[in-house]
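Fold and contact review
Okay, here's what each chain looks like letter by letter:
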Amino acid sequence: MTERRLGTVLTRQFSRVAWATLAGYALLVVASFAVAAEGVLRRSLEHSADVVQSLVGAYADSTGGGGGVMPAALAEQLVGMGAQVVITRTTVNAGGMRQVYFLSPGMPAKRLEGLPAAASPDDVRQSILSAIAQRARWRYRMLHRSVGPFDIYIVASREPYLLALGGLVLAAAVLLPLAALGAARGARRAVGDALRPLGQVATETRAIEPAELGKRIGSPTGQAEITELADAINRMLERVDRGHRALEAFTADASHELRTPLTHLRAQVQWAATEGRSPADVRESLAAMERELDRTTKMIDDLLLIARGENRQLALAHAPFDLSAVATEVKEITEAMAVGRDLEVRAGPSAPLRALGDVDRTRHVLLNLASNAVRYTPTGQIDFELRSDGGRVGVSVRDTGTGIAPQHLERIFDRFYRIDQSRSRALGGAGLGLAIARLLAELQGGEITVESTDGAGSTFTLWLPRVPPLPKGEEDTR
């Protein structure tokens, strides 16, 4: 997705969110206003009902009961309230029948017309409510309250606050699109400003060619996230550049290493093909070619092992094993390799040590370290020593050979690296042994350390994770 397309998508999403937020806010304001207005109107009706109730309660006729006629003073007070007030009174006639009368200002109580003679007060209430509701509909709000023989009906208009509510809705309908448009423009500008450093990073990244892996992206300012992204890309470029340089060096070294045996093989073929060679000479030449092919095959196998290990395609066990037993086995093999040479192979006594890893790969690493010790120690001694360091256990292979100069210590684990090119090749080494040893150690969660003094020998130590101790009460049956 391009920066422009990403900016369009983000702006559209932000605009949708802005529209939804503003619309929701407008609806919330309108609904809150309507609820508040209804609450104010109801409180006004309740107050009016309280006043009417107090006036009606204070009125009595000559019989001591509620008067049958609404006095002028009460009528003036009710009219002055600015609300439509309807008061009915329920009485019982001489025949014991309940009758409902309507009290109007300045007029005696009169019987409500249009109702059956046997209409109950509830029937009267329902008739009045339906009449008011039919006439007023949603524009009015009505409150009914019973006060002894009297029923009070107060009706107030909703029009004042409905006009204000309509104005509010109209303002929201007009201002909402303007606000959303402004939010969209602001979002477009904000997204553009936010994506500008990202576009710079993308442009600089696309400009880096395969031959320019040494170039780096200038860290943009103003946004910590984009700066962090640029730094991450620079770190990735550093790793790619380092791997690219290693691949180039490996390709050059592998080509050089393969060229030597191929040149040798060609020379042997040309020599054997010359006329006059006896069968014995041809057989000797073929034997030399076979030895060279064996060395080349071993080198290719080692390269495949390294490639599989670096790509995490090499299957290694991760199980407890006795490291001291492996060290003893390698020590015995080293004694066999030192037969006929002025070398003494020794191993100090130690308690059994259990490591976590692959026993076969560990044996491979120790044999590589031991064969190097035999190869570069003409006379002297080779010592095997078991070591322990916190959560690690290890085996040290110490020799009294030629040692390694300080300037070579950092590179002895590189592929095809030889301290003495001619001497190493004469001894049969391809410069891959220590690279394989370090790789196998790291794949098991360990490492190889080296200490060396030029002319006084070297000490290589293979470190592996220690087997964690079992909880108390459990027996180790591994």
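Notes on the structure follow. (Residues numbered from 1 in each chain as written. Predicted model: local features only at pLDDT ≥ 70, side-chain atom pairs only at ≥ 80, totals over all residues. Heavy atoms only, no water.)

If you check helix H6 (residues 279–310), its first and last C-alpha atoms are 46 Å apart, about what 32 residues at 1.5 Å a residue would give, namely 46 Å. Positioned one or two residues after H6, Arg312 has a phi angle of 55 degrees, which is positive. (Helix = DSSP H or I, 4+ residues; strand = E, 2+ residues; numbered from the N terminus. Expected span 1.5 Å × (residues − 1).)

A separate point is the environment of Ala456. Following the sequence through the fold, Ala456 ends up in the loop between strand E11 (447–453) and strand E12 (457–465). Separated by 54 residues in the primary sequence, Ala456 and Thr402 place their C-alpha atoms 6.1 Å from one another. Sequence-distant contacts of Ala456, that is, excluding residues within four places in its chain, are made with Asp399, Thr400, Gly401 and Thr402. (Contact = heavy atoms within 4.5 Å.)

Moving on, we get to the packing of aromatic side chains. A full pass over the atoms with the stated rule returns one aromatic pair. Pairing Phe413 with Phe460 gives two aromatic rings, centres 6.5 Å apart and planes at 75 degrees, and the pair type is edge-to-face. Highlighted residues: Phe413 in the loop between helix H9 (406–409) and helix H10 (421–426) and Phe460 in strand E12, separated in sequence by 47 residues. As far as burial versus exposure is concerned, Phe413 and Phe460 are alike and both buried. The ring of Trp463 has Arg392 lying over it, and the distance from NZ or CZ to the ring centre is 4.4 Å. (Phe/Tyr/Trp six-rings, centres within 6.5 Å; stacked < 30°, edge-to-face > 60°. Buried < 20%, exposed > 50% of the residue type's maximum accessible area, 1.4 Å probe, protein only. Lys NZ or Arg CZ within 6 Å of the ring centre and 35° of its normal.)

On to the nonpolar core. Core analysis: the biggest nonpolar cluster contains 44 residues, and Phe384, Ile448 and Phe460 have the highest contact counts within it. Secondary structure elements with two or more residues in this core: H6, helix H7 (323–337), strand E7 (343–347), helix H8 (359–375), strand E9 (380–389), strand E10 (392–399), helix H11 (433–443) and E12. No other element matches H11, which puts seven residues into this core. In contact with Phe460, other than residues within four places in its own chain, are Leu369, Val395, Ser396, Val397, Ile404, Ile412, Phe413, Leu434, Ile448, Thr449 and Val450. Ranked by size, the runner-up nonpolar core spans 14 residues in total, among them Leu41, Leu45, Ala49 and Val147. (Core = buried A, V, L, I, M, F, W, Y, C linked by side-chain atoms within 4.5 Å.)

This part takes up the sheet that holds E12. Within the open sheet, the five strands sit side by side as E7-E9-E10-E12-E11. Their pairing is mixed. On the outer flanks of this sheet lie E7 and E11, each paired with one strand and no other. Ignoring strand direction, the axes of neighbouring strands in this sheet form an average angle of 15 degrees. Summarising the sheet, E9 and E10 pair through eight bridges and their orientation is antiparallel. Its bridge partner lying in E10, Leu386 is registered against Val395. Each of E7, E9, E10 and E12 is contacted by H7, which is oriented at about 175 degrees to E9, the strand it contacts most. (Pairing = 2+ DSSP bridges. Axes fitted to C-alpha atoms, helices over the stretch in contact; angles between N-to-C directions.)

All right, on to the packing of H7 against H8 then. Contact geometry for H7 and H8: axes closest at 9 Å, N-to-C directions at 35 degrees. Here the hand of the crossing between H7 and H8 comes out right-handed. Residue-level inspection shows Leu323, Val326, Ala327, Glu329, Val330, Ile333, Thr334 and Met337 of H7 in contact with H8, the latter providing Val359, Thr362, Arg363, Leu366, Leu367, Ala370, Ser371 and Val374. Here the residues of the contact of H7 with H8 sort into 11 nonpolar, three polar and two charged. (Left-handed = near helix turned anticlockwise from the far one by under 90°. Nonpolar A, V, L, I, M, F, W, Y, C, P; charged D, E, K, R; others polar.)

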